[in-house]
Amino acid sequence: MAIVDVKLVSGFSVNEESLQKKLEQTNNYSPTILKRYEIEGQNVILYFDEIKSMSFSLDIVQSTLVKKTKPGVIRVYDYYNPESQGKVMYNITEKDCYGEKIERECPKCLSVDDFEDFFDKNINCSIYLMRAKSRNGLMKVKKAYIKTDRTQDKKSRPYEIPEFCPCDEVYDGVTSLVLGQSDYFRRNGEDASIVFNSATTIAKWDSTKMRKIFKKKMISKIYRRCNRLNSGLRG
């Protein structure tokens, strides 16, 4: 008898109804038909008479959101001779589940060191630089350092990061530095919602390093230059 032991990736579970249907597909001429199965925690154990060459699929669903998952393992072995076995590791990424939605909707995370280089190449008068606080998946602006419109962040509402986004800097109680385009505030009456997408860049706020970046890059001079530019455009 051949055993296929599938350890599922954390957060996923097998659709047991689909396994029941496979059991009902009786075919006495094929030894690769599933004979029985067991579910033990994250392990799905499948029993076959023998395995020579076959294709078999499992219907799994994401029951819990788990970030930074560890790979799962599929192990095939002989029931009467467990030492005779083969195994392979696999993983399921957020992109496997959500595809292009991550590329369109999720902000990009950078380390503080990477952010300094990114800052050099991307800061300009159409950019917002904001310090935001994370609370239960919500990002709320604490202070905007460079604004092309002074009024846009006065009554901002928290923005909810989509739960499938893999950004490591967005978790409870963390202050982050957010860099984005000037239309990241969307008006709704007196309130302004923060709107993030894949063009947003987030770095965890490291006060010592961030202050050095701000001092070195002379934020106040850039801010004054942007104000003069906007004043000229309005005049």
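Look up a bit, the structure's there.
Remember, predicted model here, so these are calculated numbers, not experimental data.

Visitor: Please clarify how the overall build of the chain should be interpreted in this entry.
Guide: Of regular secondary structure, the chain possesses 6 helices and 16 strands. Counting only residues that meet the buried cut, the chain has 38% of its 235 residues in that class. Nonlocal contacts in the chain, meaning residues at least 24 apart in sequence, comprise 67% of its contacts between residues at least 6 apart. Summed over its atoms, the accessible surface of the chain is roughly 14200 Å², and 47% of this surface lies on carbon and sulfur atoms.

Visitor: Sorry, what's going on with the packing of helix α4 (residues 112-122) against helix α5 (residues 207-217) here?
Guide: The angle between the axes and the distance between the axes are what describe a pair of packed helices. Where α4 contacts α5, the two axes come as close as 10 Å, and the packing angle between them is 15 degrees. One finds that α4 runs roughly parallel with respect to α5. The way α4 lies across α5 gives a crossing that is right-handed. Of the residues in α5, those in contact with Val112, Asp113, Glu116, Phe119 and Asp120 of α4 are Lys209, Met210, Ile213, Lys216 and Lys217. Counted by class, the contact of α4 with α5 contains 4 nonpolar, no polar and 6 charged residues.

Visitor: Is there a simple way to think about the environment of Leu19 in this case?
Guide: As for its position among the elements, Leu19 is in helix α1 (residues 16-24). C-alpha separation for the pair Leu19 and Arg36, spaced 17 residues apart in sequence, amounts to 8.9 Å. With near-sequence residues (within four places) excluded, Leu19 lies in contact with Val14, Leu34, Tyr37, Val44, Leu46 and Leu58.

Visitor: Looking at this structure, I do not really get the sheet that holds strand β6 (residues 72-78). What am I missing?
Guide: In spatial order, the strands read β3-β4-β1-β6-β7; together these 5 strands make up an open sheet with antiparallel pairing. The two strands at the open ends of the sheet, each matched to only one other strand, are β3 (36-40) and β7 (81-90). Adjacent strand axes in the sheet meet at a mean angle of 15 degrees when their direction is disregarded. Sheet analysis places β6 next to β7, joined by 7 bridges and oriented antiparallel. Considered in β7, the bridge of Tyr77 is made with Gln85.

Visitor: What's the story with a nonpolar patch on the surface in this structure? I'm lost.
Guide: Nonpolar side chains collect at one region of the surface, where Met1, Tyr79 and Tyr80 lie side by side and expose about 360 Å² of accessible area between them. Within the secondary structure layout, Tyr79 lies in the loop between β6 and β7.

Visitor: Honestly, the pattern of salt bridges in this entry has me stumped. Any pointers?
Guide: Summed over the entire model, instances satisfying the criterion amount to 4 salt bridges. The residue Glu38 makes a salt bridge to Arg36 at a minimum N-O spacing of 2.9 Å. Accessibility expressed as a relative area gives 25% for Glu38, which makes it partly exposed. According to the relative accessible area criterion, Arg36 is partly exposed, its value standing at 37%.

Visitor: Any chance you could explain the packing of aromatic side chains here in plain terms?
Guide: Two numbers describe a pair of aromatic rings. These are the distance of the centres and the angle of the planes. Tallied over the full model, the rule gives 4 aromatic pairs. On the basis of an interplanar angle of 45 degrees and a centroid distance of 6.5 Å, the ring pair of Phe115 and Phe119 is categorised as tilted. In this pair, Phe115 and Phe119 are both assigned in helix α4, 4 residues apart and thus about one turn of the helix distant. On the accessibility criterion, Phe119 (1% relative accessible area) is buried.

Each value, and the rule that gives it
Residues numbered from 1 in each chain as written. Predicted model: local features only at pLDDT ≥ 70, side-chain atom pairs only at ≥ 80, totals over all residues. Heavy atoms only, no water. Helix = DSSP H or I, 4+ residues; strand = E, 2+ residues; numbered from the N terminus. Buried < 20%, exposed > 50% of the residue type's maximum accessible area, 1.4 Å probe, protein only. Contact = heavy atoms within 4.5 Å. Areas by Shrake-Rupley, 256 points an atom, 1.4 Å probe, with all protein chains shown as cover. Axes fitted to C-alpha atoms, helices over the stretch in contact; angles between N-to-C directions. Parallel < 35°, antiparallel > 145°, perpendicular 65-115°, else oblique. Left-handed = near helix turned anticlockwise from the far one by under 90°. Nonpolar A, V, L, I, M, F, W, Y, C, P; charged D, E, K, R; others polar. Pairing = 2+ DSSP bridges. Patch = residues over 30% accessible without salt bridge, like charges linked within 9 Å, V, L, I, M, F, W, Y side chains within 5 Å. Salt bridge = Lys/Arg side-chain N within 4 Å of Asp/Glu carboxyl O. Phe/Tyr/Trp six-rings, centres within 6.5 Å; stacked < 30°, edge-to-face > 60°.

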